[in-house]
Each structure stands twice: as structure tokens, then as C-alpha cells.
Amino acid sequence: MTPVRDALVELGDHCVKCPTCKPEWHGDTPVHRPCPAADALYEQWRQRRREEVRAA
């Protein structure tokens, strides 16, 4: 896999397992709480994606 795919898989694995990333439902509306770890993994993925696009 590429570094971009690795970062995306890591982000996905985190979000599936992290209780903070799972939305709480209030009626029909999901309420998302901030997760610093998910934010950091997302930024890592974005950076790797930018680098891949520049290199292409």
C-alpha cells in the first residue's frame, strides 16, 4: 500500500474503534464530539495526499 492509503486505513481503524468518534444519537440527529486523535490522523492523511499529488 502507499503512504496515503496507510494513513487512510489508520484513520478509518481509529474512527471505528474510538468511542469518542462514534456519534451519539439524540432523536434523528447525530451529535459528533471532537476527537484530537482523529483530527491528527486526518491531518496526517491530508499531508500525505498533498505530497502524493505534488509528486505526480
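Check the entry above for the structure.
Before going into details, it helps to say that this report is about the structure given with it. (Residues numbered from 1 in each chain as written. Predicted model: local features only at pLDDT ≥ 70, side-chain atom pairs only at ≥ 80, totals over all residues. Heavy atoms only, no water.)

Looking at the pattern of salt bridges
Applying the stated criterion across every chain yields a total of three salt bridges. With a closest N to O distance of 2.7 Å, Glu24 and Arg33 form a salt bridge. The class of Glu24 is partly exposed, set by a relative accessible area of 34%. Here Arg49 makes a salt bridge to Glu52, at a shortest N to O gap of 2.8 Å. One end of the pair is Arg49 and the other is Glu52, both in helix H2 (residues 36–55) and three residues apart, which spans about a single turn. The partly exposed category is assigned to Glu52, whose relative accessible area is 32%. (Salt bridge = Lys/Arg side-chain N within 4 Å of Asp/Glu carboxyl O. Buried < 20%, exposed > 50% of the residue type's maximum accessible area, 1.4 Å probe, protein only. Helix = DSSP H or I, 4+ residues; strand = E, 2+ residues; numbered from the N terminus.)

Notes on the nonpolar core
Residues Leu11, Cys18, Cys21, Cys35, Ala38 and Leu41 constitute the largest nonpolar core, which totals six residues. Setting aside chain neighbours within four positions, we find Ala38 in contact with Leu11, His14, Cys15 and Cys21. (Core = buried A, V, L, I, M, F, W, Y, C linked by side-chain atoms within 4.5 Å. Contact = heavy atoms within 4.5 Å.)

Structural notes on the environment of Trp45
Its place among the elements puts Trp45 in helix H2. By relative accessible area, Trp45 is classed as partly exposed at 21%. Residues Trp45 and Pro3, spaced 42 residues apart in sequence, show a C-alpha to C-alpha distance of 8.4 Å. The residues contacting Trp45, other than those within four sequence positions of it, are Val4, Ala7 and Leu8.

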